[in-house]
Amino acid sequence: MMDEPKNKVMLDQKLRRLPMGNVAGREGKLKILITNVFSPLQFWFQFVESNNKYNLEGLHSKMSEFYAWHQAPIIPGTLLPGSICAAASKWVGWRRVRILSEPPDNATHVSVFYLDYGCQESIACKDLRFLPKMFTDIPAMAVRGALSRVHPLEYMWPGEATMMFRQKVMFGVTYAQIIEEDLQEAIYYVEIYPTKKTGALSVNSLMIQNKLAGNGAELQFENHCDRRLCYVQERLPSFEMLETGAFPMDADREFQKYFRGIVCTASFVMEFKVPHTTNPFLQDLTQALLDWMIGFKKKQIEQSRWGAMELENELENELERDMIEWGDDEEELQMVKNKEEPEQTIDPGQLLKAKEKEELEKDMQELKELMELDNFTEQEELREKYLQDIKEDPEQATDEEELQMVKKKEEPEQANEQEKLLKELQQAKEYGKMFKEMYKEMYNELSKVHK
């Protein structure tokens, strides 16, 4: 039995990803090389600048020189899922790969994932070698990409949309505007252009014009990174499912039909239920969907909590503004401003409100006094008029008893004059009552405004 090299990459060792967080929103377009496409929302590419920085071609040259002298194949029993090793690729040369599944006994081929290219291939077991740790110094150069501000017109991307996208971006250099970075799932959301020239039409816009994609800019996305939260099918299969082989990139129609039958059902979308299967070839997919749902639910809860916190903070700020503007309760105002210093200067806005309140109270007091004065003046004028009428007639009495005596006299002319005078007096009283009611209503309206 052949011994394993002591400096080989261990089973639990992972190749680090290319660092993120420094290109989103950057001015200008970055030269990229798209290496594999599964759909417009799931593809892999390389930054040409990073390839030059880490010297990916130099790594391939060193690996080819090394394995020209080290021909020992991998021990069959060590081909375990997740193992990182080297493979003699179809591109002529040696590449870094990860084993996707343990091959059955006496199997001649095994499925692998190319870490620097983001593609999957079935390769002969005899073409695999242990990978020394010295070839793991540079990160995996294939990064995850998704078109920004587009979405499928159906639940999932139709074949013609993916085909058109693949023809436009594969087999040549393109340019990308990085719109956003999903650091949690390591995805770049990009606008892709065939040229670096200003004014060029992006592939994103071209797909929308050809009615192969929906315009995401017209929608109100429910979460970050331009993904519609209610359409979970757009996220599936996930990059993790594709990169681990749970969903084969070259899946046949029967497998795709089975997958659509799961993720497009109401029980999955609304209740996140995955049907149980006894098919051993589908158990990995079932487990991958269950694992994905755990992470998706967790993200939903985090986003819901974040949204609730933002709403709560907004309501608190609005309440504080209202209390500062309208509140006159110093104790409640102090509770809102409990973080402020005890010796605090008075807000000029509050001084202005207090001054306006004082002037309003002064105006109301003047109005009340005016009402009383008008009422008194009206009564005095009526009395003056009545006394003048009595003086004009010497025979009329000057007090109430004499007035009653005058009323009892059967003198038609005098009775008519007195009756006329009484009517005028009654009418004057009614006018005074109406005037008083009018001022009372004005007083009440001003009181409501003040409150």
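Residues numbered from 1 in each chain as written. Predicted model: local features only at pLDDT ≥ 70, side-chain atom pairs only at ≥ 80, totals over all residues. Heavy atoms only, no water.

In the annotation of an unreviewed UniProt entry, the entry for the protein chain reads Tudor domain-containing protein 5-like, and the organism field reads Drosophila madeirensis.

### Comments concerning the sheet that holds strand β5 (residues 109-114)
Defined as follows: By the convention used here, strands pair only if DSSP detects at least 2 bridges between them. Helix and strand definitions here come from DSSP, where helices need a minimum of 4 consecutive H or I residues and strands a minimum of 2 consecutive E residues; each element is numbered from the N-terminal end. Interaxial angles span 0 to 180 degrees and are taken between N-to-C directions of axes, which are lines fitted to C-alpha atoms, for helices over the stretch in contact.
The five strands are arranged β6-β5-β4-β3-β7 in an open sheet whose pairing can be described as antiparallel. In this open sheet, the two strands that pair with only one neighbour each are β6 (120-124) and β7 (128-130). Ignoring which end each strand starts from, the neighbouring axes of this sheet average 50° apart. Direction of pairing for strand β3 (residues 84-88) relative to β7: antiparallel, over a ladder of three bridges.

### Quick word on the pattern of salt bridges
Cut-off, in case you're wondering: Any Lys or Arg side-chain nitrogen located within 4 Å of an Asp or Glu carboxyl oxygen qualifies as a salt bridge. Between buried and exposed lies partly exposed: a residue is buried under 20% and exposed over 50% of the maximum accessible area for its type, with that area taken using a 1.4 Å probe on protein chains only.
Under the defined criterion, the tally for this structure stands at six salt bridges. Note that Arg17 and Glu243 form a salt bridge whose closest N and O atoms lie 3.9 Å from each other. Residue Arg17 is found in the segment before β1 (30-39), and its partner Glu243 is found in helix α5 (residues 239-244); the two are separated by 226 residues along the sequence. The exposure class of Arg17 is partly exposed, given its relative accessible area of 43%. A salt bridge links Arg96 to Asp116; the nearest nitrogen and oxygen atoms lie 2.7 Å apart. Separated by 20 residues along the polypeptide, Arg96 in strand β4 (residues 94-99) and Asp116 in the loop between β5 and β6 bring together distant segments of the chain. With a relative accessible area of 1%, Asp116 lands in the buried category. A cluster of three or more residues bridged by salt bridges with shared partners is formed by Arg17, Arg144, Glu240 and Glu243.

### Here's the deal with the sheet that holds strand β10 (residues 173-182)
Strand order in the closed barrel made by the five strands is β1-β2-β8-β11-β10, with mixed pairing throughout. Taking the axes of each pair of neighbouring strands and ignoring which way they run, one obtains an average angle of 50° across the sheet. Bridge count for β1 against β10 is four bridges, and the pairing is antiparallel. When the sheet's bridge partners are listed, Ile32 is paired in β10 with Thr174.

### Points about helix α2 (residues 56-67)
The criterion, for reference: Each helix should span, by expectation, one fewer than its residue count multiplied by 1.5 Å.
The end-to-end C-alpha distance of α2 is 17 Å, a good match for the 16 Å that twelve residues give at a rise of 1.5 Å each. Listed in full, the buried residues belonging to α2 are Leu56, Gly58, Leu59, His60, Met63 and Tyr67.

### With respect to the pairing of β1
Counting buried positions along β1 yields eight of ten residues, so the element is predominantly enclosed. Relative to strand β2 (residues 42-47), β1 runs antiparallel, the two being bridged by six bridges. Bridged to Ile34 within β2 is Phe45. Hairpin connection, β1 to β2: the antiparallel pair is bridged by two residues.

### A look at the nonpolar core
Defined as follows: Definition used in this section: a nonpolar core is a set of buried Ala, Val, Leu, Ile, Met, Phe, Trp, Tyr and Cys residues joined via side-chain atoms within 4.5 Å. When checking whether two residues touch, look at their non-hydrogen atoms; a contact exists if any pair is within 4.5 Å.
Formed by 86 residues in total, the largest nonpolar core has its most connected members in Leu128, Met207 and Leu289. For Met207, the residues in contact, after removing those within four places along its chain, are Pro40, Leu147, Trp157, Ala161, Met164, Phe165, Leu212 and Ala213.

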